[in-house]
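Fold and contact review
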Number of protein chains: 2
Amino acid sequence: MSLSLNQWTTRRWSLAEAVDGCARHGLEAIGLWREKVTERGLAASAKLVRDAGLRVSSLCRGGFLTTGGEAFAAALADNRRAIDEAAELEAACLVLVVGGLPGVKPGEPLTETSGRDLAGARERVAEALAELAPYAGERGVRLALEPLHPIYCPDRAVLSTLGQALDLALAYPEEQVGVVVDTFHVWWDPRLFADVARAGRRIASYQVCDYLHPLPADVLLGRGMMGDGVIDFPPITRAVLDAGYTGDVEVEIFNADVWAADPDEVLATMKARYAEVVGA
Amino acid sequence: MSLSLNQWTTRRWSLAEAVDGCARHGLEAIGLWREKVTERGLAASAKLVRDAGLRVSSLCRGGFLTTGGEAFAAALADNRRAIDEAAELEAACLVLVVGGLPGVKPGEPLTETSGRDLAGARERVAEALAELAPYAGERGVRLALEPLHPIYCPDRAVLSTLGQALDLALAYPEEQVGVVVDTFHVWWDPRLFADVARAGRRIASYQVCDYLHPLPADVLLGRGMMGDGVIDFPPITRAVLDAGYTGDVEVEIFNADVWAADPDEVLATMKARYAEVVGA
């Protein structure tokens, strides 16, 4: 396994700076975000990454597919654009954060139009996948369903476990739909090891970061540098390897302190901690 | 199903005040906390509740069994005392919040001695249950394993899903070990309905409160009055009924606003919301 920088970990850096940072620190892969790619331009981004000899371990992110009606068609259109971008970037996968309950937004109070139909939201995801998987397949892009920690079920992802993501993925060819194993989201799951084994080569991305304790007030920023939280990484890493995963290991950290730090120091720490505690 | 007040919902009230409140509001059952029972005295508490004609729908709580060594023996001794108390109170069950990773405390930063061995902590729970279940059985007390939302896995309960709690319970006679279905903790679980059906008469307690969005900074206080959050109660209530549950429905809310309000108003709201949104 080879270490990859998810560029949101060093979000102060532009795409060019992040690519340069990876090269200087000897990394072979980078995980890109659509916002950063758009900032630079798609073709220019693809060229930058290729010229630096980096693999694109993932593109973040498509998804937010749980609202019906007109919003559903708009979400599908946006996801098709994301697939096109992933194809041009030759990304190993397009990560899908599927969306929460309709009308429930991160950090905002509930309103009269906030939905409570969890089963319906999950149905929308399945319907969307039926539209998007063949489209992705035609373009050689692999969709990667990301189960998020249940704390994000209201507002970000009604996919809450690896098993649930896997059950959805299994209806499609392996090269069209895989799953993400992100330690922050799945470390607590009593079925984790069984489902990692069951996933096998469906694992499209292995992402590592720690689960901080106590969580900060904004729970989105509870992701920490490996070793700073409660996760025991080696058993999870071994299980992912035993399942047949041969891709890169992305470090994706949303954390106010990490974002405030010098990105070069963040990369140095990330490499050291990866060697010390991840067990790859 | 009949509505029960978990007395932590009106924690400003002493046990005597809560018993009186239940009687005035026409409730037939109350969920007690050991702290409040100790304050009043065990025998006096039992008499108070009995004289008021109330059922004790649960006693909260035993558990915190995940630390090994000397702490383990001390925890077992405390749990045996809790079982004795539940017997004297004729509680329908003793709720077990099993504990988190050893040395990881609610609200406190991690230290050098904080554990990361999740599998080991889960083993301790199974070992403790083997000690406690027969002891409870001899005293006619039913232990109720409570899976807590995965957000509490580090510091409060390494039991994170109903299925996991049920798998532990099934090794013992139905009258010795059951499980708690608390909507706050399990609403997100994609296997919820299958596991409620599988639990059948193992369901020892059905507890309702809503899951607020956004969560407050102290996530322990993210429990809201039914109707104030994202949970769709009727399908869950129907599933619990269909599984054969015939006990009381406890309302257990940890919430700064609810605790600050006039307890009599809280009870009135609780009754109204129960009728409106719980679907019992």
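Residues numbered from 1 in each chain as written. Chains lettered and ligands numbered in written order. Predicted model: local features only at pLDDT ≥ 70, side-chain atom pairs only at ≥ 80, totals over all residues. Heavy atoms only, no water.

**Quick look at the UniProt feature "domain: Xylose isomerase-like TIM barrel" (unreviewed entry) in chain A**
For clarity, the cut-off: UniProt positions are given in the numbering used here, feature names are shortened, and annotations may be inferred rather than shown by experiment. Helix numbering and strand numbering both begin at the N terminus, where a helix is a DSSP run of H or I of at least 4 residues and a strand a DSSP run of E of at least 2.
When the UniProt feature table is mapped onto this chain numbering, "domain: Xylose isomerase-like TIM barrel" (unreviewed entry) sits at residues 22-262 of chain A. Between the first and last C-alpha atoms of residues 22-262 of chain A the distance is 14 Å; the span itself is 40% helix and 17% strand.

**A few points about the sheet that holds strand S2 (residues 29-33) of chain B**
All names here are of chain B. Defined as follows: Only strands joined by at least two bridges in the DSSP assignment are considered to pair. Only the stretch in contact is used when fitting a helix axis, every axis being a line fitted to C-alpha atoms; angles between N-to-C directions are given from 0 to 180 degrees. Two residues qualify as a contact provided that any one of their heavy atoms is within 4.5 Å of a heavy atom in the partner residue.
One closed barrel holds the eight strands; their spatial order is S1-S2-S3-S4-S5-S6-S7-S10, and the pairing between them is parallel. Each strand axis lies, on average, 30° off the axis of its neighbour in the sheet, ignoring direction. Both strand S1 (residues 2-6) and S2 contribute to a ladder of three bridges, which runs parallel. Bridge pairing links Leu5 to Ile30 in S2. The sheet contacts of helix H1 (residues 15-24) involve S1 and S2, and relative to S2 the element is tilted by about 165°. Across the sheet, helix H6 (residues 162-169) touches strand S5 (143-145) and strand S6 (177-182), and the angle it forms with S6 is around 170°.

**Here's the deal with the interface of chain A and chain B**
Often, the extent of an interface is quoted as the loss of accessible area upon association of its parts. We apply this condition: Here's the idea: put two parts together, see how much 1.4 Å probe accessible area each one loses, and the total over both is what we call buried area. Nitrogen and oxygen atoms within 3.5 Å of one another constitute a polar contact, given that in protein one can donate a hydrogen and the other can accept it, and given that sequence-neighbouring residues count only through two side-chain atoms. Side-chain classes follow a simple rule in which Ala, Val, Leu, Ile, Met, Phe, Trp, Tyr, Cys and Pro form the nonpolar group, Asp, Glu, Lys and Arg form the charged group, and the remainder, Gly included, forms the polar group.
Between chain A and chain B, the contact holds 36 residues from the first and 36 residues from the second. Interface area, chain A with chain B, both sides summed: about 2800 Å², of which 68% is carbon and sulfur. Counting across the chain A and chain B interface gives ten residue pairs in polar contact (both at pLDDT 80 or more). Its residues assigned to classes, the side of chain A that touches chain B comprises 19 nonpolar, eight polar and nine charged.

**Some thoughts on the nonpolar core**
We count it as follows: Nonpolar cores are built from buried Ala, Val, Leu, Ile, Met, Phe, Trp, Tyr and Cys residues. Side-chain atoms within 4.5 Å join them into one set. A simple rule labels every residue: compare its accessible area, found with a 1.4 Å probe on the protein chains alone, to the largest value its type can have, and call it buried under 20%, exposed over 50%, or partly exposed in between.
One finds A:Leu145, A:Trp187, B:Leu145 and B:Trp187 to be the most contacted residues of the largest nonpolar core, which totals 206 residues. Those residues in contact with A:Leu145 that sit more than four places away from it in its chain are A:Leu96, A:Val98, A:Leu129, A:Leu159, A:Ala165, A:Leu168, A:Ala169, A:Val177, A:Gly178, A:Val179 and A:Val180.

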